[in-house]
Amino acid sequence: KTQKKPALSYDCFLKDPMVVIASPQRKLSQESGVIIWKNEKPVIDVRALKNEKFIYPKKDNQCRQIIDALLAQNDILYPDEYLTNNQFQTIQALVSANLGIGIIPRSYVTKAIPIEIFEIPDCFEAFWECCIATRKNYRLNYIEERFGEIVKECCIHMGQETKV
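Computed from a prediction, not measured in an experiment: that's the story for all the values here.

**Q** I would appreciate a short explanation of unusual backbone geometry in the present structure.
**A** Negative phi characterises most residues that are not glycine, and trans characterises most peptide bonds. You will see that Asp75, though not glycine, has its phi angle at about 60 degrees, which is positive. Counting through the fold element by element, Asp75 comes out in the loop between helix 1 (62-73) and strand 5 (80-84). For Asn98, which is not glycine, the phi torsion reads 65 degrees and is therefore positive. Within the element layout of this structure, Asn98 appears in the loop between helix 2 (88-96) and strand 6 (102-105). Relative accessible area serves as the criterion here: at 33%, Asn98 is assigned to the partly exposed category.

Here it is, written out as structure tokens:
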């Protein structure tokens, strides 16, 4: 049963975009028509991934809902689900070993693992938002407000560090 008046308020303060990752050995960036350069960053044509093997989170992972919606918007309805794993660092390691490609939140990209990173066009809204949820009409006390400020500062700082 859906609520007529949501019981929560959301303070969304950071968008964490999904990115496509591939092994440098895969040479995806060299394929004709796959990559568009925008602001000196490689942006991928998601439709070009139709025949790729995917390594991505399991179905119960919230990121997977965003990934499945993105692929469906690009007519990739039954992707080749080669491997699934809920550990983003493991996904990157498998991608780096050239076992398939992945789609993960940019904030989870580990610079220590050699992968190519491709932006997804903004029009697909492939991101998740970092939010603080509170009960509607509830006034936070000082400690709760300060905690929220610290979380925002840390997340925003983390988001700035992981920009590729």
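Past the structure itself, the notes keep going.
**Q** What is the right way to read the pattern of salt bridges from this model?
**A** Think of it this way: side chains of opposite charge can pair up when their charged atoms draw near. Following the criterion strictly, the structure yields 8 salt bridges and no others. The closest approach of N and O atoms between Lys152 and Asp11, which form a salt bridge, is 2.4 Å. One end of the pair, Lys152, is in helix 3 (residues 142-161); the other, Asp11, is in strand 1 (residues 8-22), with 141 residues separating them in the sequence. For Asp45, the salt bridge goes to Arg47, with nearest N and O atoms at 3.0 Å. For Arg47, a relative accessible area of 53% corresponds to the exposed category. Among the charged side chains, a network of salt bridges with common partners joins Lys59, Arg64 and Asp68.

**Q** What exactly am I supposed to notice about the packing of aromatic side chains here?
**A** When we look at a pair of aromatic rings, we describe it by the centre distance and by the angle of the planes. If you walk through the whole model with that rule in mind, you get 3 aromatic pairs. Ring plane angle 45 degrees and centroid distance 4.5 Å describe the contact between Phe88 and Tyr108, whose orientation is recorded as tilted. In this pair, Phe88 sits in helix 2 while Tyr108 sits in the loop between strand 6 and strand 7 (116-119), placing the two residues 20 residues apart along the sequence. Owing to a relative accessible area of 37%, Tyr108 belongs among the partly exposed residues under this scheme. Considering the side-chain rings of Tyr108 and Trp128, the 6.2 Å spacing of their centres and the 55 degrees angle between planes classify their relative orientation as tilted. Remark: Trp128 occurs in strand 8 (residues 127-135) and Tyr108 occurs in the loop between strand 6 and strand 7; sequence separation between them is 20 residues. Ring pairs connect the aromatic residues Phe88, Tyr108 and Trp128, which therefore count as one cluster. Its guanidinium or amino end placed over the ring of Tyr82, Lys53 lies 4.5 Å from that ring's centre, counting from NZ or CZ. When the ring centre of Tyr138 is taken as reference, the NZ or CZ atom of Arg135 above it lies at 4.3 Å.

**Q** Looking at this model, I keep getting lost on the state of the cysteines. Mind explaining?
**A** Put plainly, a disulfide is one covalent bond tying together the sulfur atoms of two cysteines. Applying the stated criterion to the full structure yields 1 disulfide. Shown here is the disulfide that connects Cys12 with Cys131, its sulfur atoms set 2.2 Å apart. Looking down the S-S bond of the Cys12 and Cys131 bridge, the torsion is 90 degrees, so its handedness is right-handed. With Cys12 in strand 1 and Cys131 in strand 8, this residue pair connects regions lying 119 residues apart in the sequence.

About the cut-offs
Residues numbered from 1 in each chain as written. Predicted model: local features only at pLDDT ≥ 70, side-chain atom pairs only at ≥ 80, totals over all residues. Heavy atoms only, no water. Helix = DSSP H or I, 4+ residues; strand = E, 2+ residues; numbered from the N terminus. Buried < 20%, exposed > 50% of the residue type's maximum accessible area, 1.4 Å probe, protein only. Salt bridge = Lys/Arg side-chain N within 4 Å of Asp/Glu carboxyl O. Phe/Tyr/Trp six-rings, centres within 6.5 Å; stacked < 30°, edge-to-face > 60°. Lys NZ or Arg CZ within 6 Å of the ring centre and 35° of its normal. Disulfide = S-S within 2.5 Å.

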